[in-house]
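# Working through the structure, step by step
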Amino acid sequence: MEISNGVDERLLRPYDPKNTEDRIYKLWEDSGFFNPDICVEKGIAKADAPYFSIVLPPPNATGVLHLGHVLEDSMQDTMIRYNRMLGKRTLWLPGTDHAAIATDSKVSKILEKEGLKKRDIGREKFLERVDEFVADSRKTIVTQLRKIGASLDWSREAFTLDKARNLAVRTTFKKMYDDGLIYRGHRIVNWDPKGQTVISDDEIVYVEQKNKFYTFKYGPFEIATARPETKFGDKYVVMHPDDKRYAKYTHGQKIQLEWINGPIEATVIKDDMIDMEFGTGVMTITPWHSHEDFALAEKYKLDKEQIIDKYGKLLPVAQEFAGMKILDAREKIVEKLKAKGLLVSIDENYINRVATAERSGGIIEPQIMLQWFVDVNKKIPDRDNKSLKELMLEPVRNKDIKILPDHFEKVYFNWIENLRDWCISRQIWYGHRIPVWYKENETYCGIEAPNGEGWTQDEDTLDTWFSSGLWTFSTLGWPDISAKDLKNFHPTSVINPGYEILFFWVARMILMSQYLIGEIPFETVYLHGMLRDAKGQKFSKSQGNGIDPIEIINEYGADALRMSMIVGIGPGADGKFDLGKVKAYKNFANKIWNITRYVLSIKREGGLKKELVDEWNTMAKDITFDMDNFRFYLAAEKLYAYIWHRFADEIIEESKGKDGYGETLYYILENSIKLLHPFMPFVTEEIWSILPDHKNFLMVEKWPLKGAHDKSNV
RNA sequence: GCGCGGUUAGCUCAGUUGGUAGAGCAACUCUUUUACACAGAGAAGGUCGUAGGUUCAAGUCCUACACCGCGCACCA
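Right, let's walk through the structure included here.

## Section: the packing of helix α16 (residues 558-566) against helix α17 (residues 579-601)
Each pair of packed helices can be summarised by the angle the axes make with each other and by the distance between the axes. At their nearest, the axes of α16 and α17 sit 8 Å apart, and the two run at 125° to each other. Taken together, the axes of α16 and α17 are oblique relative to one another. The element α16 and its partner α17 pack so that their crossing is right-handed. Of the residues in α17, those touching α16 at A560, L561, M563 and S564 are K581, V582, Y585, K586 and F588. Across the contact of α16 with α17, the residue classes tally to six nonpolar, one polar and two charged.

## Let's talk about the protein's contact with RNA strand B
Lining the immediate surroundings of RNA strand B are 46 residues, of which A224, T225, Y350, R353 and W644 lie closest. What you see for RNA strand B is that sugar and phosphate hold 62% of its atoms within 4 Å of the protein. Note that a sugar or linking oxygen of RNA strand B is positioned 3.2 Å from one of the side-chain N or O atoms of N418. One nitrogen or oxygen atom from the side chain of R631 is found 2.8 Å from a base oxygen belonging to RNA strand B. Residue classes in the surface near RNA strand B are distributed as 19 nonpolar, eleven polar and 16 charged.

## Some thoughts on the pattern of salt bridges
Side-chain pairs of opposite charge can arise where the charged atoms are in close proximity. Within this structure, the stated rule accounts for 52 salt bridges. Between K340 and E258 there is a salt bridge, with the nearest N and O atoms lying 2.7 Å from each other. With K340 in the loop between α8 (326-339) and β13 (343-357) and E258 in strand β10 (residues 254-259), this pair connects stretches of sequence that are 82 residues apart. Residue classification places E258 among the partly exposed residues on the basis of a relative accessible area of 35%. The partner of E459 in a salt bridge is R433, with the nearest N and O atoms 3.5 Å apart. Residue E459 is located in the loop between β20 (456-457) and β21 (461-462), and its partner R433 is located in the loop between β17 (425-426) and β18 (436-439); the two are separated by 26 residues in the primary sequence. Assessed through its relative accessible area of 26%, R433 is described here as partly exposed.

## Some words on the sheet that holds β13
Here we have three strands laid out as an open sheet, ordered β8-β7-β13, and antiparallel in their pairing. The open sheet has two edge strands with one neighbour each: β8 (221-225) and β13. Neighbouring strand axes in the sheet, compared pairwise and without regard to direction, differ in orientation by 25° on average. As paired elements, strand β7 (residues 204-218) and β13 share twelve bridges and run antiparallel to each other. Within the sheet, the bridge partner assigned to I204 lies in β13 and is A357.

## Things to note about unusual backbone geometry
L404 connects to P405 through a cis peptide bond whose omega is -10°. Along the chain, P405 falls in the loop between β15 (402-404) and α10 (408-417). A cis geometry characterises the amide bond from W478 onward to P479, with omega recorded as 15°. Along the chain, P479 falls in the loop between α12 (471-474) and α13 (484-489). With a phi close to 60°, N385 is a non-glycine residue in the positive phi region. Mapped onto the secondary structure, N385 falls in the loop between β14 (365-374) and α9 (388-397).

## Topic: the nonpolar core
With 98 residues, the main nonpolar core has M79, L561, M563, F577, F588, F647 and F679 as its most contacted residues. Top contributing element to this core by residue count: helix α19 (residues 632-655), with 13 residues. For F679, the residues in contact, after removing those within four places along its chain, are T78, D559, R562, M563, I566, M627, F632, A635, A636 and L639. Within the second largest apolar cluster, 62 residues are counted, among which are L91, L181, V396 and W465.

## Observations regarding a negative patch on the surface
On the surface, E124, E128, D131, E132 and D136 cluster together into a negatively charged patch. Following the sequence through the fold, E128 ends up in helix α5 (residues 118-148). We classify E128 as partly exposed; its relative accessible area is 46%.

## Comments concerning the packing of aromatic side chains
Think of a pair of aromatic rings as described by two things: how far the centres are apart, and how the planes are tilted against each other in angle. With the rule as written, the count across this model stands at 36 aromatic pairs. Taken together, a centroid distance of 6.1 Å and an interplanar angle of 85° make the contact between F630 and F632 edge-to-face. With respect to burial, F630 and F632 carry one shared label: buried. What links up through ring pairs into an aromatic cluster is the set F173, Y177, W372, W422 and F466. If you follow K118 out to its NZ or CZ, it ends over the ring of W429, 5.6 Å from the centre.

Each value, and the rule that gives it
Residues numbered from 1 in each chain as written. Chains lettered and ligands numbered in written order. Predicted model: local features only at pLDDT ≥ 70, side-chain atom pairs only at ≥ 80, totals over all residues. Heavy atoms only, no water. Axes fitted to C-alpha atoms, helices over the stretch in contact; angles between N-to-C directions. Helix = DSSP H or I, 4+ residues; strand = E, 2+ residues; numbered from the N terminus. Parallel < 35°, antiparallel > 145°, perpendicular 65-115°, else oblique. Left-handed = near helix turned anticlockwise from the far one by under 90°. Contact = heavy atoms within 4.5 Å. Nonpolar A, V, L, I, M, F, W, Y, C, P; charged D, E, K, R; others polar. Near = heavy atom within 4 Å. Polar contact = N/O pair within 3.5 Å; in protein donor to acceptor, adjacent residues only side chain to side chain. Salt bridge = Lys/Arg side-chain N within 4 Å of Asp/Glu carboxyl O. Buried < 20%, exposed > 50% of the residue type's maximum accessible area, 1.4 Å probe, protein only. Pairing = 2+ DSSP bridges. Core = buried A, V, L, I, M, F, W, Y, C linked by side-chain atoms within 4.5 Å. Patch = residues over 30% accessible without salt bridge, like charges linked within 9 Å, V, L, I, M, F, W, Y side chains within 5 Å. Areas by Shrake-Rupley, 256 points an atom, 1.4 Å probe, with all protein chains shown as cover. Lys, Arg positive; Asp, Glu negative; His and termini not counted. Charge placed at Lys NZ, Arg CZ, Asp CG, Glu CD. Phe/Tyr/Trp six-rings, centres within 6.5 Å; stacked < 30°, edge-to-face > 60°. Lys NZ or Arg CZ within 6 Å of the ring centre and 35° of its normal.

Right, dumping it as structure tokens:
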């Protein structure tokens, strides 16, 4: 069909994303093509076509999306759109995360501003308030995802704390409990006095701090400490068995000495955990408030005594200091020791790392507490007597799961090797409540509450990552193991989180999936880096330096923002947000727009120029190869260079004034926007709608290369 | 202490299996010629952290070192 000079009136003005994107997203959504079942129904994908699935890393329901999310979502949408165009049954499943501690503390803060206290309004009322907050936040997030152009199947939207996911959690807990993988016990844990909850090792952030480092006389020894306030109960003095300086003291020897509140009897312990080079080579231990001291106390069956309560105040063992906050007491204790002539020296410039809680910022006080744990070392009969650790290690070691960039595999192995039992109970209200009930001396663990009177449920909730670990299959119908989605879309093809949650999340998903369904959760882990602001600072909710992606989109368009997030940012690489880059890709959108205007304005004639078509094919093959190997950052850049600097600057320019190029130019344009669609979906879809004879959406067109991608699930 | 990553144009960063360096922005010259000034043409800008090595050939592989960043462990 011949094209007339009557060009679509939309083309008469520069491309305007603001008046295009929302309209197009609505058309896509109304078409139902985000849903793979509908694609099959309407013949877009064959019922027996290979599948491609990604579950969206669920954004925290604490707030709004920032540019870091856009980076992640642009990447995933690009993969999803590419695979959909390959004709696969393609599912991208959306959801949000209840983010237990983060949300709990956020809502607590909001209440405080209203002059309300969490404990005063009670558990039920508090949870109502959280639900309201989360519903609001979810709305914002969902709107933002649509703005970005994310082709998510909204009919399958999930929440980590909805009914279906809660059933999955209870089912999991019960199974682990019955298998002896979950146990309750007194162990030393990381207590956050500010957040009033236990947290896992992974939720600790170490902060370097300059502290005073004191050396005291302790009988015939000198001991050093940064924390004199823990020393009230210290009655074991530890040294290295090979240390010649202390050779005359023997293991188990009792020594009488004067200490903070009077004379005590100390026992000598000899153990090679001591570093002879550090300090005086002698230390006392506080097993109740130190992981290492606890381990030593367990080894020699030593007494353990609590010194500090859960509010960070000294207990009666401190006598005259009892009831004081530890930081207030510290100086006073030092003064007392000094008065008694026991202070040897103070090093003012001692730098150590202080453990703080990631969410509340509180300084962690190790405590021995009754908590719930997941045993990572116990052999599981159902799983060839492998432990959870081994189940996490194996698929990565065997390359059943590929981690990109691959150097993160080493980091992953290293983490697992040092892994301790996972503390899963939290003393907060918001979250999945532990499905265990007590009655006098009885304990009941079940998916549902026990029958009969007098049972009370455990007050604690679960670590948020416990439910996140189930995400790849709890969203697909599990625990119903015959669920269609589970059969159709699991293991998922790719997971695309930031490297900072490799341990928190990726490892836990592998653990849960391997243990519960005996399957890997995903084939490829494509880790992305961190996006920082122009100064190199992290974008973070707490620092409030987040740029609202919607503002950028309103000014430059989602396509431009997406391209800026993909081009040149390799797997695992951090990037700085660069507005100039966004502008450049906005110009690119307009460039293609104008190319379209020009191509449609000339006569479509002359047949296809073989040389130019061959050249295009070579380029397309190269790009397809990059796409299949997760090199989207290269594919996008090459496409940009071809379209602008080869097609527009050279091919079109050289064709001017010559006859017979119309058909070839049209061919290149039509096929190039297919290649570009996964990256810049809006402008390409809009152009597609202007090109003649196109009934269906570009979104569901076939990728214009045959035979270049035989691998079904790369 | 163990491990990992980075060091490429003024700035921010790419560079797939080794074949004499690329993008965006900024800066320079020219051009408002009917696809596009959200543009075009042209020019400029890098001894690819340092020092060695392998190779016909190294930004790309190997070794050592320096600086920056990160993870893990220790931190009495």
